[in-house]
Amino acid sequence: MFAWGADNITSVDLKNGKKIFIVSGCASCHSAKKSSDWNSIILNGGVKIETQFGDFYGPNISPDKQFGIGAWTLEQFKIALREGKSPNGYYYFPSFPYNSYKLMKEKDIADLFYFLRTLPPSSLPNIQHDILFSKFVRIFMPLYNFRYNFLSPGIHTDLSEGEYLVKALGHCSECHTSRDIFGVPKFNSYLSGGSIYEKGKIKTPNITPDKSGIGNWSDVEIVNYLRTGFTPDYDSSGGLMAEVIENLDPLNDNELMAIAKYLKSIDPINDKN
Amino acid sequence: MTKFIFFFVIVLSLLSSSIFASENIKKRQDAMQTVRNSMKILGPMAMGQKDFDSSLAKNTLKDFLIAIKPYKTYFPKVPSEDQKTDASLDIWSNKEDFNKLINNFVSTVELASKNEWENTEQFKSDFMEIGSNCKSCHRKYRR
């Protein structure tokens, strides 16, 4: 496994936990009843995520001990986020972006864990995913993870601020990178646009610094977009991206600028689709 | 002969419903293009990137308003799933909520177009209110 270094937890910062919670977009999948009152949001799951592989439903991650994750330890929470494995031993489907969250800092995971504990519990049972041979497919998830790790350019934890926000918390690649037939991201198409959601009907844009992506956007225009949802042409973002932009609200201008700088630093890829 | 007429009527009705759906989509896209064009004029003035011109802002908002007033009528009773469009199918399952958002949007633009701004800050406030309407509707109903 990965060496996470000197991230020993000595104290819990709930304010940071709340920030990590919002920026990571947990509520987007785990709260059917949308609310911007982050201190009392009920994470009872039920949000439907339509993909080419079937319909997934975000589970209850409220602090309820029976139906949510209230009985989990921090260690179990970390394993879920970093290895995509539940305390019961089964593997999650990658609709839960653990391959992005595994880059999260130890401290951020702990702060997030304790922040989740402060939210109201819900005894709403999980909705079963609607995918063909769900139980059978789940058995093969370690193979998916193996393929992912084999093809991935490698994991390093000394990420710059912008890279950390894009790769780990923002998990931008989950939507903006196309996938192969097994659902593993095509790493050589990193952030050049994907089409996973709404059964492939939605094409997410290329956000590499190519002209077919955001190559013509200045750093300030990227920051402005992430802050307001308006493109340089004053078009307004929609759907999931509008929600993502709301989730970026706790980030200050320097952090948004770090995202912009990182996006402008990656390899430009021409979006041929 | 009867069979031929029956077949002809079916083909004609399918064709006309498809043309009708395309026309609606075209009207929606044209309206949104006018909105985008208007925002491209209003945005830089609101953000202080260009000099504020009150009469230009007023005229732009007038065009904006004309484009969006009939907007909600461009959504037929049944969605056309085979057509390429940014409109989410949720519009048809939450028509009441969608129409409410469009009504709010139209009222906001209408109110703004009647305002007499004394400075950029006052105009910016109206612009941001319009932008907030764009966002709340797009978040729910744009794919």
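About the thresholds
Residues numbered from 1 in each chain as written. Chains lettered and ligands numbered in written order. Predicted model: local features only at pLDDT ≥ 70, side-chain atom pairs only at ≥ 80, totals over all residues. Heavy atoms only, no water. Helix = DSSP H or I, 4+ residues; strand = E, 2+ residues; numbered from the N terminus. Contact = heavy atoms within 4.5 Å. Areas by Shrake-Rupley, 256 points an atom, 1.4 Å probe, with all protein chains shown as cover. Buried area = accessible area lost by both parts, 1.4 Å probe. Salt bridge = Lys/Arg side-chain N within 4 Å of Asp/Glu carboxyl O. Polar contact = N/O pair within 3.5 Å; in protein donor to acceptor, adjacent residues only side chain to side chain. Nonpolar A, V, L, I, M, F, W, Y, C, P; charged D, E, K, R; others polar. Buried < 20%, exposed > 50% of the residue type's maximum accessible area, 1.4 Å probe, protein only. Core = buried A, V, L, I, M, F, W, Y, C linked by side-chain atoms within 4.5 Å. Domains from an automatic or database assignment. Axes fitted to C-alpha atoms, helices over the stretch in contact; angles between N-to-C directions. Parallel < 35°, antiparallel > 145°, perpendicular 65-115°, else oblique. 1 Å grid on protein atoms, 1.4 Å probe; cavity = no way out; pocket = protein on both sides within 12 Å on 5 of 7 lines; lining within 4 Å. Points joined across faces, edges and corners; volume = space filled by probe spheres on them.

Just to check I follow, could you spell out the overall build of chain B for this structure?
A count of helices and strands for chain B gives five helices and zero strands. Helices and strands appear in chain B in the N-to-C order α-α-α-α-α. Expressed as a percentage of contacts within chain B between residues at least 6 apart in sequence, the contacts between residues at least 24 apart total 76%. Entry remark: accessible area of chain B is about 8800 Å², with carbon and sulfur atoms responsible for 57%.

Help me understand the interface of chain A and chain B in this model?
Note on interface size: it is often stated as the accessible area lost on association of the parts. In this complex, chain A contributes 16 residues to the contact, which on the side of chain B involves 15 residues. In this assembly, chain A packs against chain B so that about 1500 Å² is buried in total across both faces, 55% of it on carbon and sulfur atoms. Area buried by chain A at its contact with chain B is led by Phe230, Tyr234 and Ser236 of chain A, which between them contribute 36% of it. Our enumeration of links across chain A and chain B arrives at four salt bridges. The partner of Arg36 of chain B in a salt bridge is Asp235 of chain A, and the shortest N-O contact between them spans 3.7 Å. Remark: the boundary between chain A and chain B carries eight residue pairs in polar contact (both at pLDDT 80 or more). For the side of chain A that touches chain B, the element with the highest residue contribution is helix α11 (residues 239-247) of chain A, accounting for four residues. Taken together, the residues of the side of chain A that touches chain B sort by class into four nonpolar, five polar and seven charged.

What's the story with the pattern of salt bridges in this structure? I'm lost.
A side chain of one charge can pair with a side chain of the opposite charge if their charged atoms are brought near each other. Counted by the stated rule, this structure contains 20 salt bridges over all chains. Salt-bridge contacts for Glu163 of chain A lead to Lys167 of chain A; the nearest nitrogen and oxygen are separated by 2.8 Å. Of the two residues, Glu163 of chain A and Lys167 of chain A both sit in helix α8 (residues 161-169), four residues apart, roughly one turn of that helix. For Glu163 of chain A, a relative accessible area of 11% gives the class buried. Taking the relative accessible area as the measure of exposure, Lys167 of chain A reaches 23% and is therefore partly exposed. Note that Glu110 of chain B and Lys69 of chain B form a salt bridge whose closest N and O atoms lie 3.5 Å from each other. Taken together, the positions of Glu110 of chain B in helix α4 (residues 95-114) and Lys69 of chain B in the loop between α2 (54-68) and α3 (90-93) put the pair 41 residues apart, joining distant regions of the chain. Since its relative accessible area comes to 25%, Glu110 of chain B is described here as partly exposed. It is possible to trace a salt-bridge network through shared partners that takes in Glu75, Lys78, Arg82 and Glu106 of chain A.

Please explain the nonpolar core as it appears in this structure.
Nonpolar side chains in soluble globular proteins tend to end up buried together. Counting 61 residues, the largest nonpolar core has Phe21, Phe77, Met104 and Leu112 of chain A as its most contacted members. When residues of this core are assigned to domains, at least three map to each of domain 1 (12-155) and domain 2 (158-273) of chain A. In this structure, Leu65, Phe98, Phe105 and Ile130 of chain B belong to the second largest nonpolar core, which totals 34 residues.

Explanation requested: the packing of α8 of chain A against helix α12 (residues 253-265) of chain A in the structure shown.
When two helices pack together, their arrangement is given by the angle between the helix axes and the distance between those axes. All names here are of chain A. In the contact formed by α8 and α12, the axes pass within 7 Å of each other and the chain directions differ by 85 degrees. With respect to their mutual orientation, α8 and α12 come out roughly perpendicular. Residues Glu161, Gly162, Glu163, Leu165, Val166 and Lys167 of α8 form the contact with α12, whose participating residues are Asn254, Glu255, Ala258, Ile259, Tyr262 and Leu263. The class makeup of the residues in the contact of α8 with α12 is six nonpolar, two polar and four charged.

When you look at the layout of surface pockets in this model, what are you seeing that I'm missing?
Space left empty within the atom packing is revealed by a probe, the size of a water molecule, rolled over the atoms. All names here are of chain A. Approximately 380 Å³ is the volume found for the second largest pocket. The wall of the second largest pocket is formed by 18 residues, among which Tyr148, Pro153, Lys167, Phe187 and Tyr190 lie closest to the centre. Listed by contribution, the elements that provide at least two residues to the lining of the second largest pocket are α4 (98-101) and α9 (173-176). Considered class by class, the residues forming the lining of the second largest pocket number eight nonpolar, seven polar and three charged. Inspection of the lining of the second largest pocket shows a minimum of three residues originating in each of domain 1 (12-155) and domain 2 (158-273).

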